[in-house]
Amino acid sequence: MSNLWFLYLFFSALLIFIGIYCLLTMRNLIKLFIAVEIISKGVSLAIVATGAVKNSVLLAQSLAITYIVVEVSLVATALALIINIYKKNKSLDVRLLSKLKG
Amino acid sequence: MVIQILLLCGLIIFSGLAILFKDLLKAALSLAVASLFLGIIFFRLNAPYAGVFEISVVAGLITVLFILTIALTKKEGEVEEAKLAKVVFPLFFILFLIIDGLVMKSLLQKVPSLPSGPEAGTFGEVLWKQRTFDLVAQIGVIFAGVLAVLALFRKKEDDKDE
């Protein structure tokens, strides 16, 4: 069981790494939110796998479902923000946001 | 075990492709395929409800939202990414792979986790009775998201004085 747990957490750490790398290096706002999605996939994989290995899969599922609902809400709000930023700046470049004043 | 490893590799490959593709539409679609892999992994971990949510909500709804946003921003929205970032990515990935393999095993013994033991009841009992406040919080989050989207797409009222 420990080996199985190791396998899942190993891969979930890889997903989180891919997401963080993208967050740190990419400039496109939509790409950045794809990175947030990848990180959240890693986290939900870790939650469900830990529940499955520790015989608490029901609890882990309910936590994962809560997490997915929060994720959807976050993405919907963020994408609405991105569209508004695009309307204002005519670009999705994240570096242009540093010019904001207010 | 072999199937699990193949599914996990597929998940990693499609997630990697999602950040490496220059075309945003292809990136969003490969993210959806990665969600599909994750949903199948959840099914194989005896977590069917989480799998259904992952496939229907994340692979379905979020992909539609991404495609909609890409369609609305396509005309002038292309951004020049740093070329070095994609070139250096495999190097960092392999480095992290090695560190992850070395560190994770010793870390697992130190990190406290949920107590082991068989669970009683059904998924419905756990969700509705044990995690009732989670559901209340979920309703709050959904309302917050809806109100935020409504607020962000609010139209400016025409000022008659001007």
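As the structure is a computational prediction, the values presented were derived from the model and not from experiment.

Enquirer: Account for the overall build of chain A, with residues named and values stated.
Expert: Of the regular secondary structure elements, chain A holds three helices and zero strands. Over its C-alpha atoms chain A spans a radius of gyration of 17 Å, topping by over 25% the 13 Å that the globule rule assigns to 102 residues. C-alpha extents for chain A along the principal axes are approximately 50 × 25 × 20 Å. Looking at the 102 residues of chain A, the share that counts as buried comes to 64%.

Enquirer: Requested: an account of the interface of chain A and chain B, with residues and values cited.
Expert: Facing 65 residues of chain A, the contacting portion of chain B comprises 82 residues. Where chain A abuts chain B, roughly 7100 Å² becomes buried across the two surfaces, and 76% of that area is made up of carbon and sulfur atoms. The largest per-residue losses of area from chain A upon contact with chain B belong to Y21(A), K41(A) and L58(A), which jointly make up 9% of the total buried on that side. The tally of links from chain A across to chain B stands at one salt bridge. A salt bridge links K41(A) to E54(B); its shortest N-O distance comes to 3.8 Å. Summed over the shared surface of chain A and chain B, the result is nine residue pairs in polar contact (both at pLDDT 80 or more).

Enquirer: Any details on helix α3 (residues 57-89) of chain A? Residues and values, ideally.
Expert: With 33 residues, α3(A) should reach 48 Å at 1.5 Å per residue; the first-to-last C-alpha distance of 46 Å fits that figure. Looking one or two residues beyond α3(A), the residue adopting positive phi is K90(A), at roughly 60°.

Enquirer: Tell me about the packing of α3(A) against helix α3 (residues 48-73) of chain B, residues and numbers included.
Expert: Where α3(A) meets α3(B), the closest approach of the two axes is 10 Å, and the angle between their N-to-C directions is 0°. Relative to α3(B), α3(A) is oriented roughly parallel. By residue class, the composition of the contact of α3(A) with α3(B) is 22 nonpolar, three polar and two charged.

Enquirer: Tell me what's going on with the packing of aromatic side chains, and back it up with residues and numbers.
Expert: On inspection of all chains with the given rule, the structure shows nine aromatic pairs over all chains. Residues F17(A) and Y21(A) carry aromatic rings whose centres are separated by 6.2 Å and whose planes lie at 40° to one another, so their mutual orientation is tilted. Placement of the pair is F17(A) and Y21(A) together in helix α1 (residues 2-25), with a separation of four residues, close to one helical turn. Given the relative accessible area of 8%, Y21(A) is considered buried. Summarising the aromatic geometry, the rings of F89(B) and F93(B) are spaced 5.8 Å apart at their centres and angled 40° between planes, so their arrangement reads as tilted. In this pair, F89(B) and F93(B) both sit in helix α4 (residues 83-110), four residues apart, roughly one turn of the helix. Within the aromatic cluster, the residues linked to one another by ring pairs are F17(A), Y21(A), F89(B), F92(B), F93(B) and F96(B). Positioned over the ring face of W5(A) is K54(A), at 4.7 Å from the centre of the ring.

Enquirer: Can you break down the domain arrangement of chain B residue by residue, with the values?
Expert: For chain B, the assigned domains read domain 1 (1-75 + 83-110) and domain 2 (122-154). Centre-to-centre, using C-alpha coordinates, domain 1 of chain B lies 25 Å away from domain 2 of chain B.

Rules used throughout
Residues numbered from 1 in each chain as written. Chains lettered and ligands numbered in written order. Predicted model: local features only at pLDDT ≥ 70, side-chain atom pairs only at ≥ 80, totals over all residues. Heavy atoms only, no water. Helix = DSSP H or I, 4+ residues; strand = E, 2+ residues; numbered from the N terminus. Rg over C-alpha atoms; globule rule 2.2 N^0.38 Å. Buried < 20%, exposed > 50% of the residue type's maximum accessible area, 1.4 Å probe, protein only. Contact = heavy atoms within 4.5 Å. Buried area = accessible area lost by both parts, 1.4 Å probe. Salt bridge = Lys/Arg side-chain N within 4 Å of Asp/Glu carboxyl O. Polar contact = N/O pair within 3.5 Å; in protein donor to acceptor, adjacent residues only side chain to side chain. Expected span 1.5 Å × (residues − 1). Axes fitted to C-alpha atoms, helices over the stretch in contact; angles between N-to-C directions. Parallel < 35°, antiparallel > 145°, perpendicular 65-115°, else oblique. Nonpolar A, V, L, I, M, F, W, Y, C, P; charged D, E, K, R; others polar. Phe/Tyr/Trp six-rings, centres within 6.5 Å; stacked < 30°, edge-to-face > 60°. Lys NZ or Arg CZ within 6 Å of the ring centre and 35° of its normal. Domains from an automatic or database assignment.

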